[in-house]
Amino acid sequence: MKLFDIIIENKKYEFVNSIHLNGKNYVAYTDKKKIYISEFVVENDNVSFIEIDDETFNKVKEAMSL
(Lines give C-alpha, C1' and ligand atoms only; values in the text may rest on other atoms or scores of the structure.)
Protein backbone atom coordinates (compact mmCIF):
# COMPACT_ATOMS: atom_id res chain seq x y z
CA MET A 1 0.00 0.00 0.00
CA LYS A 2 1.26 3.46 -0.91
CA LEU A 3 1.11 6.28 1.61
CA PHE A 4 -1.52 8.07 -0.44
CA ASP A 5 -3.77 5.18 -1.43
CA ILE A 6 -7.45 5.83 -0.84
CA ILE A 7 -9.62 2.81 -0.12
CA ILE A 8 -13.39 3.13 -0.56
CA GLU A 9 -15.60 0.06 -0.17
CA ASN A 10 -12.57 -2.24 -0.53
CA LYS A 11 -11.53 -0.65 -3.83
CA LYS A 12 -8.10 1.02 -3.97
CA TYR A 13 -7.58 4.42 -5.62
CA GLU A 14 -4.47 6.50 -6.04
CA PHE A 15 -4.39 10.04 -4.63
CA VAL A 16 -4.07 12.74 -7.31
CA ASN A 17 -4.53 16.10 -5.57
CA SER A 18 -6.48 17.94 -2.90
CA ILE A 19 -7.66 21.51 -2.52
CA HIS A 20 -9.54 23.74 -0.10
CA LEU A 21 -12.03 25.77 -2.14
CA ASN A 22 -14.92 27.98 -1.02
CA GLY A 23 -14.70 26.70 2.54
CA LYS A 24 -14.75 23.00 1.62
CA ASN A 25 -12.10 20.30 1.16
CA TYR A 26 -11.92 18.27 -2.04
CA VAL A 27 -9.79 15.32 -3.08
CA ALA A 28 -9.11 13.93 -6.55
CA TYR A 29 -8.27 10.25 -6.91
CA THR A 30 -8.00 7.74 -9.73
CA ASP A 31 -8.36 4.06 -10.50
CA LYS A 32 -6.04 4.55 -13.52
CA LYS A 33 -9.10 4.68 -15.81
CA LYS A 34 -11.00 7.67 -14.49
CA ILE A 35 -10.47 10.61 -12.14
CA TYR A 36 -12.95 11.04 -9.31
CA ILE A 37 -13.42 14.12 -7.15
CA SER A 38 -15.23 14.16 -3.83
CA GLU A 39 -15.70 16.58 -0.99
CA PHE A 40 -14.24 15.22 2.20
CA VAL A 41 -14.87 15.92 5.87
CA VAL A 42 -12.64 14.83 8.74
CA GLU A 43 -14.36 14.29 12.10
CA ASN A 44 -12.90 12.47 15.09
CA ASP A 45 -10.17 10.80 13.00
CA ASN A 46 -12.76 9.58 10.46
CA VAL A 47 -12.81 10.72 6.85
CA SER A 48 -16.16 10.90 5.05
CA PHE A 49 -16.39 11.33 1.28
CA ILE A 50 -19.36 13.30 -0.04
CA GLU A 51 -20.53 13.05 -3.65
CA ILE A 52 -20.53 16.35 -5.57
CA ASP A 53 -22.59 17.55 -8.52
CA ASP A 54 -21.23 17.98 -12.06
CA GLU A 55 -20.90 21.76 -11.79
CA THR A 56 -18.83 21.51 -8.60
CA PHE A 57 -16.77 18.69 -10.15
CA ASN A 58 -15.87 20.90 -13.10
CA LYS A 59 -15.00 23.90 -10.89
CA VAL A 60 -12.79 21.83 -8.61
CA LYS A 61 -11.16 20.04 -11.56
CA GLU A 62 -10.32 23.40 -13.12
CA ALA A 63 -8.98 24.77 -9.82
CA MET A 64 -6.75 21.69 -9.52
CA SER A 65 -5.57 22.14 -13.14
CA LEU A 66 -6.59 18.60 -14.05
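Computed from a predicted structure; not experimentally measured.

Caption draft 1: Quick peek at the side chain of threonine 30. Looking at the element boundaries, threonine 30 is found in strand β3 (residues 24-30). Polar side-chain contacts of threonine 30 include one of 2.9 Å to the backbone nitrogen of lysine 32. At 2.9 Å, the side chain of threonine 30 forms a polar contact with the backbone oxygen of lysine 34.

Caption draft 2: Representation of the layout of surface pockets in the model. Taken as a whole, the largest pocket encloses approximately 240 Å³ of empty space. Residue lining of the largest pocket: Ile8, Tyr13, Tyr29, Lys34, Ile35, Tyr36, Ile37, Ser38, Phe49, Ile50, Glu51 and Phe57, and that is the complete set. Elements that contribute at least two residues to the lining of the largest pocket include exactly β4 (35-43) and β5 (46-50). Residue contributions to the lining of the largest pocket peak at 4 residues, all from β4. The residue inventory of the lining of the largest pocket, partitioned by class, reads 9 nonpolar, 1 polar and 2 charged. Roughly 180 Å³ of internal volume is contained in the second largest pocket. Surrounding the second largest pocket, Phe4, Asp5, Ile6, Phe15, Ser18, Val27, Phe40, Val47 and Phe49 form its lining. Secondary structure elements with two or more residues in the lining of the second largest pocket: β1 (5-8), β2 (11-21) and β5. For the lining of the second largest pocket, a count of residues per class yields 7 nonpolar, 1 polar and 1 charged.

Caption draft 3: Spatial organisation of the packing of aromatic side chains. The tally for this structure, following the rule as stated, stands at 4 aromatic pairs. Note on tyrosine 13 and tyrosine 29: the rings are 5.2 Å apart at their centroids and 75° apart in plane angle, and the pair reads as edge-to-face. Of this pair, tyrosine 13 sits in strand β2 while tyrosine 29 sits in strand β3; the two residues are 16 residues apart in sequence, bridging distant segments of the chain. Judged by its relative accessible area of 11%, tyrosine 13 falls in the buried class. Between the aromatic rings of tyrosine 29 and phenylalanine 49, the centroid separation amounts to 6.0 Å while the plane-to-plane angle is 65°, which identifies the pairing as edge-to-face. In this pair, tyrosine 29 sits in strand β3 while phenylalanine 49 sits in strand β5, placing the two residues 20 residues apart along the sequence. A relative accessible area of 33% means that phenylalanine 49 is categorised as partly exposed.

Calculation notes
- Residues numbered from 1 in each chain as written.
- Predicted model: local features only at pLDDT ≥ 70, side-chain atom pairs only at ≥ 80, totals over all residues.
- Heavy atoms only, no water.
- Helix = DSSP H or I, 4+ residues; strand = E, 2+ residues; numbered from the N terminus.
- Polar contact = N/O pair within 3.5 Å; in protein donor to acceptor, adjacent residues only side chain to side chain.
- 1 Å grid on protein atoms, 1.4 Å probe; cavity = no way out; pocket = protein on both sides within 12 Å on 5 of 7 lines; lining within 4 Å.
- Points joined across faces, edges and corners; volume = space filled by probe spheres on them.
- Nonpolar A, V, L, I, M, F, W, Y, C, P; charged D, E, K, R; others polar.
- Phe/Tyr/Trp six-rings, centres within 6.5 Å; stacked < 30°, edge-to-face > 60°.
- Buried < 20%, exposed > 50% of the residue type's maximum accessible area, 1.4 Å probe, protein only.

Bear in mind that shape data such as this cannot, by itself, settle questions of function.
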